[in-house]
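Below, each chain spelled out in residue letters.
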Amino acid sequence: MTRPTTFDSPDSAYYYALDIDQGPRDDTRQAACRDPYWAYAYARDVDKAPRDDTRAAACRDPYWAYAYALDVDKAPRDDTRAAARHDPDYAYVYACDVDGRKPVRLGKVGRYEVTYLAGVVNVGCQYRTVDDWAENWRTYAEAEGLGLEPTPADVEALLEAARAAADKEATP
């Protein structure tokens, strides 16, 4: 079998490294790094270790940055954390799952617990930045069909608690 000089897609490079080469090579890694998922998978399954190039490629997507930290680095890093913070969902779960931090309970809205962590307010399964919730809570409550009917005073109290948690979080 003749070795390809280039790979048409990141997945073909990944599978070539995994099944044919049965190990890492620079050419297959470079091709896999064209896509965040395949860079993550290459580091996890082929390199079986973290590398700066696969990490940088995974960090182009918040989810794959989170997954890379969790499954490949197996530890928090500033670059993967910064990439995960581009999406409130992954900022929150990174802080929980990778950093090992616990959310701050702010209260309840309807039947849903409201928590805060890493600049993100979580209501039910919605993760929003504090500022986003402050501006758009009515829209989210109505659009998601969650049965949320908080009063403006309830929302302001929760946001005040979230801001206090953010201030405390920022204080070393």
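Before reading further, recall that the structure is shown in the block above.
One structure accompanies this document, and this report is about it. (Residues numbered from 1 in each chain as written. Predicted model: local features only at pLDDT ≥ 70, side-chain atom pairs only at ≥ 80, totals over all residues. Heavy atoms only, no water.)

## With respect to the pattern of salt bridges
Two side chains of opposite charge can pair, provided their charged atoms sit close to one another. So the rule is basically this: A side-chain nitrogen of Lys or Arg and a carboxyl oxygen of Asp or Glu constitute a salt bridge if their distance falls within 4 Å. Summary of the burial criterion: residues with accessible area below 20% of their type's maximum are buried, those above 50% are exposed, and those between are partly exposed, where the area comes from a 1.4 Å probe applied to protein chains only. In this description a helix means any DSSP run of H or I spanning at least four residues, a strand means any run of E spanning at least two, and both kinds are numbered starting from the N terminus.
Within this structure, the stated rule accounts for 13 salt bridges. In this structure, the salt-bridge partner of Asp 27 is Arg 25, at a minimum N-O distance of 3.2 Å. Among the residues examined, Asp 27 registers a relative accessible area of 24% and is labelled partly exposed. Its relative accessible area of 39% is what places Arg 25 among the partly exposed residues. Put simply, Arg 55 and Asp 52 hold a salt bridge, and the shortest N to O gap is 3.0 Å. Note that Arg 55 and Asp 52 are positioned in helix α4 (residues 52-58) at a spacing of three residues, about one turn of the helix. Classification of Arg 55 by relative accessible area gives buried; the value is 5%. Overall, Asp 52 belongs to the exposed group, its relative accessible area being 60%. The network of salt bridges with shared partners includes Asp 26, Arg 29 and Asp 47.

## Let's talk about empty space enclosed by the protein
In plain terms, the rule: Any residue with an atom within 4 Å of a point lines the site, the site being either a cavity, points on a 1 Å grid over the protein atoms alone where a 1.4 Å probe fits but cannot get out, or a pocket, an open set with protein on both sides within 12 Å along at least 5 of 7 lines. Grid points are joined across faces, edges and corners, and a volume is the space filled by probe spheres set on the points.
If you walk through the whole model with that rule in mind, you get two cavities of 30 Å³ or more. Put simply, the largest cavity is a space of about 110 Å³. Along the walls of the largest cavity sit 13 residues, with Val 109, Val 123, Trp 133, Val 155 and Leu 158 positioned nearest its centre. When residues of the lining of the largest cavity are assigned to their parent elements, the largest contribution, four residues, is made by helix α9 (residues 152-170). Considered as a void within the structure, the second largest cavity measures approximately 30 Å³ in volume. Arg 81, Arg 85, Ala 91, Tyr 94, Ala 95, Asp 99, Arg 101 and Ala 118 are the residues that line the second largest cavity. It is helix α7 (residues 88-98) that provides the largest number of residues to the lining of the second largest cavity, a total of three residues.

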